[in-house]
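Read off the chains here:
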Amino acid sequence: MLAGPVQAVTAEYRVGSNGTVYNARIEVVEAEKYAFQETGPLGERVPLEVTNVSLEGECSPCTFSWTGKSGILGVTNDTITFAKGNYTVLFEGQVQDNHLLFTYEQPYRVEILLPEGLRTSNFLLGFVSPGGNVNATGNETLISWNNTRSAEVRFYDSGREELLYLFGNFWIIIAVLLLLPFMLTRRRRGKG
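Residues numbered from 1 in each chain as written. Predicted model: local features only at pLDDT ≥ 70, side-chain atom pairs only at ≥ 80, totals over all residues. Heavy atoms only, no water.

Undergrad: In this structure, what is going on with the state of the cysteines? I would like to understand it.
TA: Linking two cysteines covalently through their sulfur atoms gives a disulfide. Inspection of the entire model under this criterion finds one disulfide. A disulfide bridge connects Cys59 with Cys62, and the sulfur atoms are separated by 1.7 Å. Torsion about the S-S bond of the Cys59 and Cys62 cystine: about 105°, corresponding to right-handed handedness. Overall, Cys62 belongs to the buried group, its relative accessible area being 12%. (Disulfide = S-S within 2.5 Å. Buried < 20%, exposed > 50% of the residue type's maximum accessible area, 1.4 Å probe, protein only.)

Undergrad: Whenever I open this one, the pattern of salt bridges confuses me. Can you help?
TA: Two side chains that carry opposite charge are able to pair once their charged atoms sit near each other. Enumeration according to the criterion identifies four salt bridges in this entry. Between Glu111 and Arg109 there is a salt bridge, with the nearest N and O atoms lying 2.8 Å from each other. Exposure remark for Arg109: the relative accessible area of 30% places this residue in the partly exposed category. (Salt bridge = Lys/Arg side-chain N within 4 Å of Asp/Glu carboxyl O.)

Undergrad: How should the nonpolar core be read in this particular structure?
TA: General note: in soluble globular proteins, nonpolar side chains tend to be found buried as a group. The biggest cluster of nonpolar side chains holds 34 residues, and the ones touching the most others in it are Tyr13, Tyr22, Ile26, Phe91 and Ile112. At the level of elements, strand S1 (7–15), strand S2 (21–35), strand S5 (50–57), strand S7 (74–94), strand S8 (99–114) and strand S11 (140–154) are the ones that each hand at least two residues to this core. Top element by residues in this core is S8. It accounts for seven residues. (Core = buried A, V, L, I, M, F, W, Y, C linked by side-chain atoms within 4.5 Å. Helix = DSSP H or I, 4+ residues; strand = E, 2+ residues; numbered from the N terminus.)

Undergrad: Honestly, the packing of aromatic side chains in this entry has me stumped. Any pointers?
TA: What describes a pair of aromatic rings is the distance from one ring centre to the other and the angle between the planes of the rings. Tallied over the full model, the rule gives twelve aromatic pairs. Ring centres 6.2 Å apart and planes at 75° place the aromatic pair Phe64 and Trp66 in the edge-to-face group. Looking at Trp66, the relative accessible area reads 37%, which means it is partly exposed. Grouped by ring-pair contacts, the aromatic residues Tyr13, Tyr22, Tyr34, Phe36, Phe64, Trp66, Phe91 and Phe102 constitute a single cluster. (Phe/Tyr/Trp six-rings, centres within 6.5 Å; stacked < 30°, edge-to-face > 60°.)

Just geometry here; none of it tells us what the structure is for.
Have a look at this one:
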């Protein structure tokens, strides 16, 4: 996700128990808009589809309006505008392939909370971008960065880890079966 031209203090993300959605809470300071965008495969800004958007601050209720850009595919509502001030932007986003990537224009303090059953510790399945501090306490895992312009996490559940071990064991058996005839013929040549 790419934060627009606003200055955020803290960005917090809580991944849902099934690992397919996250709830975000982004603090913005002296801002009048917030863009919902993510980084595409070539580093380009791509509109992020979000739901349940709300705004909190020293207003009751805090109101905002959607704006967007016209492009090849039509109008994309990817930015909310509001009266200039300090706010917290709340929204829900989709997790794609157990992977989260958030980028920002200026340093943020970022926290990502993974629920019980989702982990990052196996280096073949999980990943935490440099600077991330992983703290697994109780049933949850909190990953945090101080003053970062990007945060990336790839996580997995126990089912994926079991598949990895099954796949590894399968290939070990195949390797043994392929090497066994070679070892037996070599042993016979040595005796003869």
